[in-house]
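# Fold and contact review
Single-letter residue listing:
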Amino acid sequence: MLASHAHRFIFLKTRKTAGASLEIALSAHLGEADVICPISPADEIIRAALFPNALPRNYSTDPAAEAAYRAAIRQDRLDDHGNCLEPSPQADRIFFNHMPAGPARRALGEAFWDRAFKFSMERHPYEKVVSLAYFRMPGAAGGDFARLLDEEVERGAYRNFDIYSIDGSTAVDFIIRYEALEAGIRHVERVTGCADILARMPFTKNTQRRDRRSAREILNRAQKLIVRERCSEEFALFNYDY
């Protein structure tokens, strides 16, 4: 999640939609008073290399812990969970990765929420679940993709609707469709005044998927039925086909 007071925008990051890439590019435009949340360790290293002054800040009640975390990123001292590899204060987080709209609105305040341009991202649910399974492949025992896919279908982490909605209704002003990524980001550039967002996106994690068939071909009928039930609002909102 990102919040920029200078550019008056709030970005709610969803799962498996190129959100980390967009978050990294947007971070370059944020100032000292803006909110930048921690992301995965691998992505933090990428962000630090590209934009060394755009590291996590103002996401907690503990500035000292945030400073320790930034130092750990710069020195590549993070474990796989994003923790510093030496004793350091544990930040009491106010804002966090994949923060839903409701908690974000409460934490940012109604006044800023109402005047800010709020946006998020979405992708066909079938594609998200396949992407999640491939994301787990490198660390999975035996690398059994079929088992991982079954687990991800059941787990339901591909449901993003709850991130950009409040009480069952969409709570953002704009949602970038993964299927029309360039057009969506160009719109964000125009509205926020942040130039070259698309050009700065590093497109992290885009080499993990080996089977380039459409997710519709990869998923079986039973899996599709579960995904359609879990993501019924997303199918309806974006008119995704089955």
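Please read these numbers as outputs of a predicted model, since none were measured by experiment.

## A few points about the overall build of the protein chain
Per the secondary structure count, the protein chain includes 12 helices and 7 strands. By the compact-globule yardstick of 18 Å for 242 residues, the protein chain fits well, its C-alpha radius of gyration being 18 Å. Overall, the protein chain is about 50 × 40 × 35 Å in size when its C-alpha atoms are taken along their principal axes. Burial analysis of the protein chain (242 residues in total) assigns 51% to the buried set. Considering only contacts in the protein chain between residues 6 or more positions apart, those separated by 24 or more positions represent 67%. With 34 positive and 34 negative side-chain charges, the protein chain shows a spacing of 3 Å between the two charge centroids.

## A closer look at the nonpolar core
Ranked by internal contacts, the top residues of the largest apolar core, which has 49 residues, are Met1, Leu12, Trp113 and Val130. Of all elements in the fold, only helix H3 (63–74), helix H4 (101–108), helix H5 (110–115), helix H6 (125–136), helix H7 (145–155), helix H10 (215–218) and helix H12 (232–238) reach the threshold of two or more residues within this core. Among the elements that make up this core, the one with the highest residue count is H6 (6 residues). Judged by nonpolar contacts, the second largest core, of 19 residues, contains Phe11, Leu26, Ile36 and Leu198.

## Overview of the pattern of salt bridges
The final tally for this structure, using the stated rule, is 17 salt bridges. Linking Lys118 and Asp173 is a salt bridge whose minimum nitrogen-to-oxygen distance equals 3.5 Å. Here Lys118 is found in strand E4 (residues 117–122), whereas its partner Asp173 is found in the loop between strand E6 (169–170) and strand E7 (174–177), with 55 residues between them in sequence. A relative accessible area of 6% means that Lys118 is categorised as buried. Note that Asp241 is salt-bridged to Arg216, the shortest N-O span being 2.3 Å. One end of the pair, Asp241, is in the segment after H12; the other, Arg216, is in helix H10, with 25 residues separating them in the sequence. Relative accessible area serves as the criterion here: at 45%, Asp241 is assigned to the partly exposed category.

## Section: the pairing of E4
Taken across its 6 residues, E4 has 6 buried, putting it largely inside the fold. Taken together, the 3 bridges between strand E2 (residues 9–11) and E4 define a ladder with parallel strand orientation. Paired with Phe9 across the two strands is Phe117, which belongs to E4.

## Details of the sheet that holds E4
Sheets are built from strands paired through backbone hydrogen bonds, the pairs being either parallel or antiparallel. The 5 strands lie next to each other as E3-E1-E2-E4-E7, forming an open sheet whose pairing is mixed. Strands with a single pairing partner mark the edges of an open sheet, and in this sheet they are strand E3 (35–36) and E7.

## Here we look at the packing of H6 against helix H11 (residues 221–230)
Closest axis-to-axis distance for the H6/H11 pair is 10 Å, and the angle between their directions is 115°. It follows from the interaxial angle that H6 and H11 lie roughly perpendicular. As H6 packs across H11, the resulting crossing turns out to be right-handed. Across from Pro125, Tyr126 and Val129 in H6, the residues of H11 making contact are Lys224, Val227 and Arg228.

What counts, and where the lines are drawn
Residues numbered from 1 in each chain as written. Predicted model: local features only at pLDDT ≥ 70, side-chain atom pairs only at ≥ 80, totals over all residues. Heavy atoms only, no water. Helix = DSSP H or I, 4+ residues; strand = E, 2+ residues; numbered from the N terminus. Rg over C-alpha atoms; globule rule 2.2 N^0.38 Å. Buried < 20%, exposed > 50% of the residue type's maximum accessible area, 1.4 Å probe, protein only. Contact = heavy atoms within 4.5 Å. Lys, Arg positive; Asp, Glu negative; His and termini not counted. Charge placed at Lys NZ, Arg CZ, Asp CG, Glu CD. Core = buried A, V, L, I, M, F, W, Y, C linked by side-chain atoms within 4.5 Å. Salt bridge = Lys/Arg side-chain N within 4 Å of Asp/Glu carboxyl O. Pairing = 2+ DSSP bridges. Axes fitted to C-alpha atoms, helices over the stretch in contact; angles between N-to-C directions. Parallel < 35°, antiparallel > 145°, perpendicular 65-115°, else oblique. Left-handed = near helix turned anticlockwise from the far one by under 90°.

These figures capture arrangement, not role.
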